[in-house]
Each structure stands twice: as C-alpha cells, then as structure tokens.
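# Descriptive analysis of the structure
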Amino acid sequence: MLTVLCALAGPGVGVGWADSGGGPAAVAASPDAAKRPAWQATSSAPSPGLPALPALPAQKQSSGASPSLLACDTHAVGTWAYNDQAGVQHNGMNMQVQVRDLRTGARIAGLTNSAGRYDICFTAAQFTQLYITFAAENGAWRVQNGTNIYNWSTPVRANPVAGSTVNFGTQVPGDGTAGHRAAHAFDEANDAWVGVPHTNGCWDPKDTTCRQLRINWSNTAVGDTDFYDQVGNVVQLLAVTPDAPMEVMHEIGHALMDDVYNDAFPSTVGCPRPHPPNQASTAVCAWIEGWADFFSLAMYHTPVFQFGIGTSMNFEFPTWGFNGVGNGDVTETRVAGALWDLIDINSGGAETWDQHSEGFGAVFFPLARHVDNTLASFWSSRGTEGFDVSDSSLGSLYQNTIDYGYRKPLLDARGQFLPAFVFPGPPQNFSLNTAVQSWSVVALRPSNPNDFNLLLYDDRAQTSVLGGSALGGQTVDFVAIDSNLRPVGDYYPRVSLFQGGPGTYTIESVMGFTTLQPGSSTSFHLDDSQVAAVQDTPLTAGVPVTITLTTTSPISVASLFVMGDDPSAPSTFVQSRSSAVASAVGSNSGGQPVSVTFTPTRTGEYGIVTTFDNVGGDYTLTRS
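Here we summarise the structure given alongside this text.

### Some words on the nonpolar core
W152, W291, F295, L339 and F364 are the most contacted members of the largest nonpolar core, which has 109 residues in total. Once residues lying within four places of it in the same chain are set aside, the contact partners of F364 are V196, P197, W203, P205, L256, V260 and W291. Counting residues in hydrophobic clusters, the runner-up holds 21 residues, among them F524, A533, A558 and Y606.

### Thoughts on the sheet that holds strand β27 (residues 503-511)
Strand order in the open sheet formed by 5 strands is β20-β27-β22-β25-β32, and the pairing between neighbours is antiparallel. The open sheet is flanked by β20 (416-420) and β32 (574-576), the only strands paired with a single partner. Ignoring strand direction, the axes of neighbouring strands in this sheet form an average angle of 20°. Where strand β25 (residues 477-482) and β32 come together, 3 bridges link them in antiparallel fashion. Within β32, the residue paired with I481 across the bridge is V574.

### Remarks on helix α4 (residues 332-343)
Here α4 spans 17 Å end to end across 12 residues, near enough to the 16 Å set by a 1.5 Å rise per residue. With 12 of its 12 residues buried, α4 lies for the most part within the structure. Every buried residue of α4 is accounted for by E332, T333, R334, V335, A336, G337, A338, L339, W340, D341, L342 and I343. Elements in contact with the buried residues of α4: α3 (283-299), β18 (312-314), α5 (361-369), α6 (375-384) and α7 (391-398).

Rules behind the numbers
- Residues numbered from 1 in each chain as written.
- Predicted model: local features only at pLDDT ≥ 70, side-chain atom pairs only at ≥ 80, totals over all residues.
- Heavy atoms only, no water.
- Core = buried A, V, L, I, M, F, W, Y, C linked by side-chain atoms within 4.5 Å.
- Buried < 20%, exposed > 50% of the residue type's maximum accessible area, 1.4 Å probe, protein only.
- Contact = heavy atoms within 4.5 Å.
- Pairing = 2+ DSSP bridges.
- Helix = DSSP H or I, 4+ residues; strand = E, 2+ residues; numbered from the N terminus.
- Axes fitted to C-alpha atoms, helices over the stretch in contact; angles between N-to-C directions.
- Expected span 1.5 Å × (residues − 1).

So far we have only geometry, and geometry alone does not tell us how the molecule works.
Right, dumping it as structure tokens:
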C-alpha cells in the first residue's frame with residue numbers, strides 16, 4: 001500500500017465502533033459549550049451540503065408520498081455537541097441531522113449550523129415515532145470505521161403535535177470516549193473546511209465534482225503512526241489521535257494535497273519512516289511533510305505544533321545557526337516554517353529577515369493550480385500565478401535558511417543591526433538603489449570580536465563585482481559610489497563573516513543630499529544605528545583644501561575620508577575605503593576632531609565619507 005507517513009503523530013490505544021443503522025445513543029448534555037475562536041470565520045465557509053442518502057429498506061418505506069414532497073408543519077430543533085480530550089464541551093458544526101420515523105422509515109436531513117444548532121421542518125402526520133440520528137457525514141467529509149459511518153440516535157418522541165416545535169435539547173455521543181473522539185475527528189475536519197478558501201464549494205477549487213474527505217478511525221486502531229493512504233484516498237488515524245487536533249489536521253493536509261494534485265501525489269521514496277522533521281532528507285519529502293505541518297499551523301492560527309503526548313514544537317523559532325535543525329528546503333521544519341512566515345502577522349521586529357505577511361489563500365491557490373513536488377517548484381508556480389515572489393516574501397524563506405536569491409533591501413540612511421551566523425556560514429546579501437546624482441556609500445560596522453568582508457555587485461545574480469572592502473578587526477568597511485559619473489540604479493552588497501561568530505554587525509546605505517561648499521560648514525546628527533554619512537564637495541585641481549570633522553560627544557570616535565575618481569576611467573566610479581585620496585582615522589580616546597589637508601589632482605565632485613566607529617552623536621563638517 002502506498003502511503004504518506006507522518007512523523008509528528010505517536011502511537012496510542014483505545015476502543016471504537018461505528019454503526020450503519022439507527023446508531024448508538026445520543027444523550028442529553030449541558031447547553032454550555034466553548035465558543036469557537038474569533039479567527040474561525042464560519043460565515044465565509046459555504047455549506048458542505050448533504051451526501052446522497054442511501055435508500056431506505058423496502059419494509060420501512062411509507063405508503064404515502066416521499067417526505068420531501070409533503071407540507072411542512074412541525075419543527076425539530078436542538079444542538080449537537082461533543083467533549084474534547086480535556087472534557088470541554090464544543091458544539092459541532094456541519095454534522096448531519098436526520099429526522100427519522102421508527103415506524104415508517106421516513107427521513108429528512110439537514111446540517112447543524114456554526115453554533116451546532118439545527119431546525120428541521122417536517123410533517124407531523126408522517127413522523128409519529130420521531131427520533132433524531134446524528135451522522136458523521138456531509139457532502140465534503142465523513143468519519144468512518146471501515147465502511148460504517150459513525151452515528152448516534154436519540155430516544156423516540158411519539159406523536160408530535162402538528163404545528164409544534166419538538167426541542168431535543170443539547171445532545172452528545174452516549175458511548176463515552178469512543179463517541180466523543182469520533183465526533184471530535186469530524187469537527188477537526190470542519191476546522192479545515194472553515195479555514196480553506198472556497199470558490200466552488202469543494203476542497204479543490206478546480207473540481208466540478210467534489211471529492212469527499214474520508215477519515216477512517218477506530219478506538220481500537222493500533223500502529224506506529226497515522227498516515228494518509230494514497231490508494232484508498234483515506235486518512236487513517238490511530239485510536240487517540242482525535243485528542244490531538246493538529247495531528248489530525250496534518251493528515252488532512254496530505255489528503256488535501258492529493259485532492260488538488262488530482263492524485264498525482266509526489267513520490268514518498270526518500271521519506272524515512274519515521275522522518276524526524278528537524279533532519280535533512282530530500283526536497284520532495286521536506287515539501288510533502290512541510291506542507292502538512294504548515295497546513296495544521298495555518299488552520300489553528302499558531303506556529304506552535306501541539307502533539308497528543310503533551311509536547312510541542314515552535315516552528316517560528318529555528319533560524320540560521322540554530323543547532324540541531326538541518327538547513328534549506330530539504331528539511332521539513334524549514335519548509336513548514338517558511339510557509340508559516342509567509343502568512344504570520346506578528347513577526348514585526350522579532351524576526352530579522354521575515355517582515356512579510358499575507359493570507360493563507362496566497363499559499364493555497366498556487367498549490368491548488370499546479371502539481372509541484374518541491375518548494376522550489378512551488379515558488380516558481382507562485383510567481384507564475386502573480387503572487388509575491390519579491391524580496392519581501394523571499395525574506396520569509398531566508399528566515400528559515402532557504403535562500404532563493406534573497407536580497408535584503410537597504411533603505412537610505414537607516415542602519416540595520418543584524419546577526420552573523422556561525423563560522424563558516426553563508427553570506428548575507430542585500431540590495432540598494434541610488435536615486436540622486438551624488439556620492440553614495442554602503443558601510444558595515446562589525447561588533448567585537450567579529451570581522452566581516454564587504455563586496456558590492458552590479459547585478460542581482462552577483463556575478464559582476466564592482467568593489468569591496470576587507471579591512472581587519474572591528475574597522476568599518478565601506479564602498480562609495482559616484483553617481484555624478486555613474487548612472488543611478490541598483491546595487492547588491494554581500495557581507496561575509498571572515499572570522500568570529502556568531503555575532504552581529506550594522507550595515508547602512510546612505511546617499512549624499514548635501515554639498516559642502518568652499519568656506520562653509522554643515523552639521524548633522526546620527527543615532528547609534530547609523531554607520532556613515534556622505535556629502536559632495538567640488539574641488540579644483542591644484543588648489544589645497546582642509547576638511548575638518550568635529551563632534552560634541554566626548555566618547556564618539558569618527559573617521560574622515562575623501563573619495564575621488566577619474567572621469568575617463570569608469571572602473572574608478574566605485575571606490576573602497578582603502579582607495580580614499582585622503583583620510584584621517586579617529587582617535588580611540590573619543591571626542592577628538594579629525595582633519596585632512598590635501599591638494600586634489602583633478603577638478604570635479606569629490607565625496608566626503610564620515611564613518612562612525614562606535615556611537616552616534618552631533619557632528620560638524622567644515623571646509624577651509
């Protein structure tokens with residue numbers, strides 16, 4: 001039998017049953033029940049509809065007309081509920097409710113609403129031996145034991161009065177743990193139905209004939225894991241699994257993938273049994289299981305996967321340099337975390353690289369419209385469908401060690417304090433845009449005791465190096481760009497950890513919006529997150545000039561560099577720190593002015609770069 005195995009589910013024991021006739025008892029219960037979570041927007045989910053009801057036995061058929069053709073004069077009302085593993089009562093949504101007659105076999109069916117309530121109209125004259133059967137099946141899913149669908153029946157109410165309302169109150173399974181688990185499994189499928197976007201009333205938005213999700217469960221089921229049976233198209237659950245909603249949802253995620261893939265399910269060859277989610281396997285295995293993990297997280301609006309044995313796993317936590325978790329799209333945890341980070345809304349500043357948020361549909365619809373066997377293939381399909389594959393969403397993948405060409409944007413004059421990975425680690429890549437015809441600079445300040453190298457590329461693929469800076473220790477590295485001579489546009493810095501780590505560094509790109517004229521000064525303030533500042537200044541060949549930097553902070557250490565280039569040599573339009581035509585390094589004692597005096601050899605616009613080697617403060621540049 002070809003199966004997809006779930007490493008996240010553990011073994012369990014218990015008892016179970018199912019019945020295709022009148023069913024075991026449903027008993028009265030308290031009307032008090034836990035409310036559905038606020039995020040579970042039941043109003044947006046379409047009705048799953050009713051399945052085709054089997055024909056009634058010939059000896060029970062009414063001699064009159066079919067019940068559906070008779071006038072409606074009486075109502076049966078009530079609520080369906082079950083108790084979860086903690087004993088908390090929940091009202092069951094979309095459970096099939098059959099109004100039945102013991103004598104004639106007449107039957108009319110409907111579904112409970114989002115509050116677990118039902119109101120079914122019938123003709124009193126035909127239902128003289130009235131009772132209710134609750135069946136764990138609707139048009140979209142069912143819970144079964146083999147070929148039998150779980151169902152429960154109330155006691156008979158004889159001779160309802162025409163025009164009356166027969167209130168059956170709140171009913172729950174009357175067969176103890178087994179019945180409550182079956183009803184819980186049914187409601188867990190309902191959680192998936194409510195959470196999946198619908199355009200056609202099916203699980204698969206492409207279907208014209210809907211596939212019914214089938215969950216096979218027995219309270220005596222044993223084995224080493226839950227699984228989805230690809231041949232029979234049925235979710236197979238162990239006895240205690242309904243007590244663990246997220247484990248049930250994981251297997252429903254497999255069934256949903258198989259449905260939207262029209263049974264072209266990826267091969268499970270290469271998926272070990274069990275397959276520890278934190279270990280690297282194959283890109284296909286990681287995609288299959290990572291999707292199922294993510295589906296469970298998305299349906300329950302949490303990054304924390306709760307196991308039935310009482311433990312949990314936070315898919316939000318692992319990132320680069322996290323010990324014990326494999327990297328890249330060959331690791332289940334990374335795939336699940338990447339998909340979760342695409343849709344989560346609370347990352348904010350808590351995660352370095354993930355700053356993206358979108359709806360679940362932006363993940364589901366590309367999945368439903370293409371047959372992808374890996375996350376990389378899915379990402380290509382996502383772009384084809386017009387969904388975001390920019391650096392914004394690529395950052396969510398990179399947060400989870402999956403790099404599909406992510407270039408973290410640098411915004412002008414906004415330093416970013418970032419972590420360095422363990423050594424040796426992957427480089428970190430960025431993008432910036434120059435927008436004014438002046439000098440610009442990208443600068444990096446390492447934290448002690450780490451040392452980084454900085455390269456600047458002309459292309460996103462990072463094949464064309466324009467310049468770099470690789471000074472040792474905690475020296476600020478920078479690369480300056482002369483957009484007076486070089487057209488404005490995009491650039492791609494790369495930061496590599498040379499030694500040390502894990503640690504941190506601050507990176508910033510700055511454009512020069514001011515010009516330091518002869519005999520003038522300019523003042524500015526920078527905070528601790530900023531690394532550098534840049535101004536233009538026009539110089540004349542052969543005319544000496546003195547430029548001085550002063551600070552009011554007694555602890556600030558700043559350095560001064562004058563950048564120049566050759567208009568006839570485009571290769572000089574990008575300059576590293578070591579290429580400065582004049583420089584003065586700040587004193588370690590702090591608060592001291594720095595000054596350069598030199599005679600330029602060419603006339604043109606020069607760049608004055610100031611680096612801030614420890615903290616920010618108030619500064620003044622003077623030209624004399």
